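So you can see what is in the structure, the chains are spelled out below.
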Amino acid sequence: QARIRKFGPKILQLLTEWTETFPYDFQEERMIGHLKDMIHRIAPCDEAYWKKMNQLLQTLNQKLATLSHGQEGIVKISAAVSDKLVAFKNKPPSIQREILSVCSDPYTLAQQLTHVELERLSHIGPEEFVQAFVHKDPLDGTKKKTSNLEAYVKWFNRLCYLVATEICMPAKKKQRAQVIEFFIDVARECFNIGNFNSLMAIISGMNMSPVSRLKKTWSKVKTAKFFILEHQMDPTGNFYNYRTALRGAAHRSLTAHSNREKIVIPFFSLLIKDIYFLNEGCANRLPNGHVNFEKFLELAKQVGEFITWKQVECPFEQDANIIHYLHTAPIFTEDGLYLASYESESPENQTEKDRWKSLR
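Source: prediction; values computed, not measured.

**Here's the deal with the overall build of the protein**
- Scanning the protein from terminus to terminus reveals 19 helices and zero strands.
- Across the 360 residues in the protein, those meeting the buried criterion constitute 44%.
- Counting only contacts in the protein whose residues sit at least 6 apart along the sequence, the fraction spanning at least 24 positions is 76%.

**Focus: the nonpolar core**
- Counting residues in hydrophobic clusters, the biggest one holds 81 residues, and the most contacted among them are Leu 109, Phe 129, Phe 183 and Met 206.
- Here the element with the most residues in this core is helix H7 (residues 147–168); it accounts for 11 residues.
- Aside from chain neighbours lying at most four places away, what touches Met 206 is Val 163, Ile 167, Ile 180, Phe 183, Ile 184, Val 211, Ser 212, Trp 218 and Phe 226.
- Counting 18 residues, the second largest nonpolar core, distinct from the first, contains Leu 12, Ala 43, Tyr 49 and Leu 56.

**Focus: the environment of Ile 307**
- Note on placement: Ile 307 falls in helix H16 (residues 293–310).
- Ile 307 sits 182 residues away from Gly 125 along the chain, and the two C-alpha atoms are 8.1 Å apart.

**With respect to the packing of H7 against helix H18 (residues 334–344)**
- In contact at an axis separation of 9 Å, H7 and H18 are set at 25° when each is read in the N-to-C sense. As judged from the angle between their axes, H7 and H18 are roughly parallel. Regarding H7 and H18, the two cross each other, and that crossing is left-handed. Taken together, the residues of H18 that come into contact with H7 (itself represented by Tyr 161, Ala 164, Thr 165 and Cys 168) are Glu 334, Leu 337, Ala 340, Ser 341 and Ser 344.
- Partitioned by chemical class, the residues of the contact of H7 with H18 number five nonpolar, three polar and one charged.

**What to know about the confidence of the model for the protein**
- Averaged over all residues, the pLDDT of the protein is 86; the fraction at 70 or higher stands at 89%.
- Low confidence marks residues 80–89, where pLDDT is under 50. Its contacts with residues over four positions away, or in another chain, come to 21 contacts.

**A few points about H7**
- An ideal rise of 1.5 Å per residue puts 32 Å on 22 residues; H7 measures up with 31 Å between its terminal C-alpha atoms.
- Where burial is concerned, most of H7 is hidden: 16 out of the 22 residues are buried.

**Quick word on the packing of aromatic side chains**
- Applying the stated criterion across every chain, the model contains 17 aromatic pairs.
- Considering the side-chain rings of Phe 129 and Phe 268, the 6.1 Å spacing of their centres and the 55° angle between planes classify their relative orientation as tilted. Of this pair, Phe 129 sits in helix H6 (residues 126–133) while Phe 268 sits in helix H15 (residues 268–281), placing them 139 residues apart in sequence. Pair check on accessibility: Phe 129 and Phe 268 agree, each one buried.
- A cation over an aromatic ring shows up here: Arg 355 above the ring of Tyr 338, its NZ or CZ 3.7 Å from the ring centre.
- Lying across the ring of Trp 356, Arg 360 places its NZ or CZ 4.2 Å from the centre.

**What about the side chain of Thr 217?**
- Following the sequence through the fold, Thr 217 ends up in helix H11 (residues 215–218).
- Look at Thr 217 and you get buried, because its relative accessible area is 0%.
- At 2.6 Å, the side chain of Thr 217 and the side chain of Glu 345 are in polar contact.
- Thr 217 has contacts with Lys 173, Arg 176, Ala 177, Ile 180 and Glu 345, leaving out every residue within four places of it along the chain.

**Some thoughts on the pattern of salt bridges**
- Per the stated rule, a full pass over the model turns up eight salt bridges.
- Notably, a salt bridge pairs Arg 213 with Glu 352, separated by 3.0 Å at the nearest N-O pair. Here Arg 213, found in the loop between helix H10 (209–212) and H11, pairs with Glu 352, found in helix H19 (residues 350–359); they are 139 residues apart in sequence, far enough to count as distant.
- The class for Arg 213 is buried, based on a relative accessible area of 8%.
- Taking the relative accessible area as the measure of exposure, Glu 352 reaches 15% and is therefore buried.
- We note a salt bridge from Asp 274 to Arg 243, for which the minimum N-O separation is 2.8 Å. With Asp 274 in helix H15 and Arg 243 in helix H13 (residues 236–254), this pair connects stretches of sequence that are 31 residues apart.
- Among the residues examined, Asp 274 registers a relative accessible area of 22% and is labelled partly exposed.

**Re the packing of helix H8 (residues 173–193) against helix H9 (residues 196–206)**
- Remark: H8 packs on H9, axes separated minimally by 8 Å, with the N-to-C direction vectors making an angle of 155°. Relative to H9, the element H8 lies roughly antiparallel. Crossing handedness for the pair H8 and H9: left-handed. Contact residues: H8 offers Ile 180, Phe 183, Ile 184, Val 186, Ala 187, Cys 190 and Phe 191, while H9 offers Phe 196, Ser 198, Leu 199, Ile 202 and Met 206.

About the criteria used
- Residues numbered from 1 in each chain as written.
- Predicted model: local features only at pLDDT ≥ 70, side-chain atom pairs only at ≥ 80, totals over all residues.
- Heavy atoms only, no water.
- Helix = DSSP H or I, 4+ residues; strand = E, 2+ residues; numbered from the N terminus.
- Buried < 20%, exposed > 50% of the residue type's maximum accessible area, 1.4 Å probe, protein only.
- Contact = heavy atoms within 4.5 Å.
- Core = buried A, V, L, I, M, F, W, Y, C linked by side-chain atoms within 4.5 Å.
- Axes fitted to C-alpha atoms, helices over the stretch in contact; angles between N-to-C directions.
- Parallel < 35°, antiparallel > 145°, perpendicular 65-115°, else oblique.
- Left-handed = near helix turned anticlockwise from the far one by under 90°.
- Nonpolar A, V, L, I, M, F, W, Y, C, P; charged D, E, K, R; others polar.
- pLDDT = per-residue confidence, 0-100.
- Expected span 1.5 Å × (residues − 1).
- Phe/Tyr/Trp six-rings, centres within 6.5 Å; stacked < 30°, edge-to-face > 60°.
- Lys NZ or Arg CZ within 6 Å of the ring centre and 35° of its normal.
- Polar contact = N/O pair within 3.5 Å; in protein donor to acceptor, adjacent residues only side chain to side chain.
- Salt bridge = Lys/Arg side-chain N within 4 Å of Asp/Glu carboxyl O.

Have a look at this one:
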């Protein structure tokens, strides 16, 4: 008992930090068993320990309930989307609404995209980064828990394809140009908000070949604004311009007086890549066998920053109608996009003609 009294506070602190930061670890019965066993050994020594341990368990249960609710939501959305998606090879049916009939204001759409991003980010636990890069032991039966991280990457891809679909769908050149200009304004507003993930998805959707080949359509677009945004997300110099903008947004977030100024949604694929290379490129131990603390401090800094950003509450009013559309509007497959693109503007060379023929 004397020993437990000595170490009790430290063990309590460790368990509190662990359950708060990595609640996913306790989704398994086995881990909850270990935790309860520990509680039964520590708590009887002191009434204060009982209270703290009870509080710890209650908080953990609430977190786990929120997490499973979030995952169910993502599963439901994915199911709804895959039902709707029957990813069209041809033009979607004429009853298909287009984005401008659901939301014609770029500011509003950028704000609703920010809602979706923050909602999905909130479910990603820091341990998912660890799990994503861990070298899996083939004999270990436990599953990697990276479902929220994967769902978020899928959302990025969906947004790219949604943008491309919305541009390729209208039959008239003037309407297609109007949709492109609308998305340029949405992307610019995403940049101003600090939502770099939606910004990158929109730019990627506009740069997909079926969209970029629509020369007659692009000739009707005021492209100066688009080139500025492209310049911001230019990959040269290891995304130097974007990293500068991200540092600016992170600095604004630190000194912010409102949630509106706190928003930082990083370009997620690049964040994962950075963490991956940091993890792979530096040894876990120094030549003398000691732990490479510098590496782990840098990893903790990057993941810690991400945790701070994902906890920001979205300050914009939610529009259920627009969010539903973003999640469930049908989108083309890549083949469907090319087909729609060739129907809008005829193939220009033999390769395109052959592709159109085989698609039809």
